[in-house]
Structures are given as structure tokens and as C-alpha cells.
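Report on the structure
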Amino acid sequence: MNRIMLRAKLHRATVTEADLHYEGSCGIDEDLLDAADMREYEQIELYNVNNGERFSTYIIKKPRGSGAISLNGAAARKAQVGDLLIICTYAPMSEDHARDHKPRVVLLDERNRVKEIRRL
């Protein structure tokens, strides 16, 4: 049996852009993608700390060092610029792998800069 486990998360990412008329996705600064070991076009789950909205989309790259977190298309209805998000990826794992798995957690500051990277 496989379990779906938290693989990585960006904790308290601040929304910097929301564009309702853009094709759907979530743009994330490439530095943050590297820090969290996330990939462009990977499915993500997003949790809005400010209003409780929970939704999913996929990643597109934003310029390295920009601090950008952009919500596009329908996702732009789920948060406003300045809202705080938790952005997560999950992966199926065997029982043996899941038993010892430790997700990567990237804690961010108010400018979407990495404060700390840790394993839970």
C-alpha cells in the first residue's frame, strides 16, 4: 500500500500578484522552487491563511530573486495581494519509505525570502 505524504512546503508565502485574466497557475520565484525542491508544472495545494480558502493548481517559474508569488486565472479569486499562503506538494510513498520520510519545510519572511529550511 502507498500513502500520500507531504513532500515539501513553502510556509507563509506572501501573494505579490493576482491576475484573473492570465492562464491559470501559480508563479513562484525560481529561488523558492529550488529551496523547496519543487518543479515547474508540478501540482500544488495552496492554503490561504487569511481567509481559509484551499485550492490546487500547478507551478510556473517566476524570475529568480524576484520574491514573486502570483496567482493567475481562477486561483486569483482565492487570495488577494498581501495574503499569506502555505504551498504544499505531496507524493505517494511506500509504507517503508513513508515511515522515515521527513518533508522539506521552507519558512519565508514577509518579502518571500528564505528564513530557514528544515525537515519536520
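Here goes a summary of the coordinates provided. Nothing here was measured: the structure is a model prediction, and the numbers come from that model.

1. Section: the overall build of the protein chain
- A tally of regular secondary structure across the protein chain gives 2 helices and 9 strands.
- In sequence order, the secondary structure elements of the protein chain are arranged as β-β-β-α-β-β-β-β-α-β-β.
- Here the C-alpha atoms of the protein chain give a radius of gyration of 14 Å, agreeing with the 14 Å that 2.2 N^0.38 yields for 120 residues.
- Along the first, second and third principal axes, the C-alpha set of the protein chain runs to 45 × 30 × 25 Å.
- When the 120 residues of the protein chain are sorted by exposure, 45% land in the buried category.

2. Side note on the pattern of salt bridges
- Within the structure shown, the criterion is met by 12 salt bridges.
- A salt bridge links E17 to K62; the nearest nitrogen and oxygen atoms lie 3.6 Å apart. You can see E17 sitting in strand β2 (residues 17-19) and its partner K62 sitting in strand β5 (residues 54-62), a full 45 residues away along the chain.
- The salt bridge partner of D96 is R99, with a shortest N-O separation of 3.0 Å. Of this pair, D96 and R99 both sit in helix α2 (residues 95-100), 3 residues apart, which is roughly one turn of the helix. When sorted by exposure, D96 lands in the same class as R99, which is exposed.
- When salt bridges with common partners are traced through the structure, they connect E30, D31, D34, K61 and R64 into a single cluster.

3. Here's the deal with the side chain of K9
- Its location among the elements puts K9 in strand β1 (residues 2-14).
- Here K9 occupies a buried position and makes no salt bridge, while the nearest side chain of opposite charge, E116, is found at 12 Å.
- Those residues within four positions of K9 in sequence are excluded, and the remaining contacts are M38, I86, I87, C88, R104, V105 and V106.

4. Observations regarding the side chain of N72
- Tracing the backbone through its elements, the reader meets N72 in strand β6 (residues 69-72).
- When its relative accessible area of 5% is taken as the criterion, N72 is described as buried.
- What N72 contacts, discounting residues up to four positions off in sequence, is D19, Y22, E23, G24, S25, C26, G27 and I60.

5. Some remarks on the state of the cysteines
- Under the counting rule described, the total for this entry stands at 0 disulfides.
- C26 takes part in no disulfide bond, and the closest cysteine sulfur, belonging to C88, lies 12 Å away.
- Owing to a relative accessible area of 4%, C88 belongs among the buried residues under this scheme.

Thresholds applied
- Residues numbered from 1 in each chain as written.
- Predicted model: local features only at pLDDT ≥ 70, side-chain atom pairs only at ≥ 80, totals over all residues.
- Heavy atoms only, no water.
- Helix = DSSP H or I, 4+ residues; strand = E, 2+ residues; numbered from the N terminus.
- Rg over C-alpha atoms; globule rule 2.2 N^0.38 Å.
- Buried < 20%, exposed > 50% of the residue type's maximum accessible area, 1.4 Å probe, protein only.
- Salt bridge = Lys/Arg side-chain N within 4 Å of Asp/Glu carboxyl O.
- Lys, Arg positive; Asp, Glu negative; His and termini not counted.
- Contact = heavy atoms within 4.5 Å.
- Disulfide = S-S within 2.5 Å.

Limitation: the analysis is restricted to geometry and does not speak to function.
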